[in-house]
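Next come the chains, spelled out residue by residue.
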Amino acid sequence: MENIASPERLEIIDAKKILDIKRASIEGSKFATMCMDGSQFEDVRAIGVKIINANLSDLEIEGAQLGGAFIHNIGMPPRGHPMYDPDARQRPLKFENCDLHSSSFTDCNLSGVSFSDCNLHGMKINGILVDDMLKQ
């Protein structure tokens, strides 16, 4: 993608389009107030991408390198947010075949979380080794 000519600016406003983009660089592009339902991204380099205030229900990420990713404020809007609904419930997330070693989870609601066939060696909960908890 490095051999592509100087960027051309294209604005699409108040339109419904299906884009078929191949072997293109859209670095520095901005997408706001838009619908991408059913879109697919394949063989994509997206370093430094930010997704803010998005509904990503049923999102599937496969075969991705997420090293250094910062995933935060995930779930239903909190009390005080204009979209807050006290009766709304977050649907469960599923992580499968993921390498999360040395990752950290802070101020997360993990109630009802299930771990199956996972290597928990060295994992700590509130500073206590899980290995030690399981020995009791």
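To be clear, the structure that these remarks concern was listed above.
A brief look at the structure comes next. (Residues numbered from 1 in each chain as written. Predicted model: local features only at pLDDT ≥ 70, side-chain atom pairs only at ≥ 80, totals over all residues. Heavy atoms only, no water.)

Looking at the overall build of the chain
Then step 1. When its secondary structure is counted, the chain shows one helix and two strands.
Then step 2. Scaling as 2.2 N^0.38, a compact globule of 136 residues should have a C-alpha radius of gyration of about 14 Å, whereas the chain reaches 20 Å, well beyond that.
Then step 3. Burial status across the chain gives 1% buried among its 136 residues.
Then step 4. If you sum the accessible surface of the chain, you get close to 14800 Å²; carbon and sulfur atoms cover 51% of it. (Helix = DSSP H or I, 4+ residues; strand = E, 2+ residues; numbered from the N terminus. Rg over C-alpha atoms; globule rule 2.2 N^0.38 Å. Buried < 20%, exposed > 50% of the residue type's maximum accessible area, 1.4 Å probe, protein only. Areas by Shrake-Rupley, 256 points an atom, 1.4 Å probe, with all protein chains shown as cover.)

Thoughts on the environment of Thr106
Then step 1. The topology assignment puts Thr106 in the segment before β1 (124-125).
Then step 2. Residues Thr106 and Pro7, 99 residues apart in the sequence, show an inter-C-alpha distance of 41 Å.

Considering unusual backbone geometry
Then step 1. Positioned with a positive phi, Thr33 is a non-glycine residue whose angle comes to about 50°.
Then step 2. Its identity as a non-glycine residue notwithstanding, Ser102 has a phi of 65°, on the positive side.
Then step 3. Topologically, Ser102 is positioned in the segment before β1.
Then step 4. Classification of Ser102 by relative accessible area gives exposed; the value is 77%.

Details of the state of the cysteines
Then step 1. Applying the stated criterion to the full structure yields zero disulfides.
Then step 2. Cys118 carries a free sulfur, and the closest cysteine sulfur to it, the one in Cys98, is 9.4 Å from it. (Disulfide = S-S within 2.5 Å.)

Details of the environment of Gly68
Then step 1. You can see Gly68 is positioned in the segment before β1.
Then step 2. By relative accessible area, Gly68 is classed as exposed at 79%.
Then step 3. Distance from Gly68 to Met133, taken between C-alpha atoms, is 29 Å for residues 65 residues apart in sequence.

These figures capture arrangement, not role.
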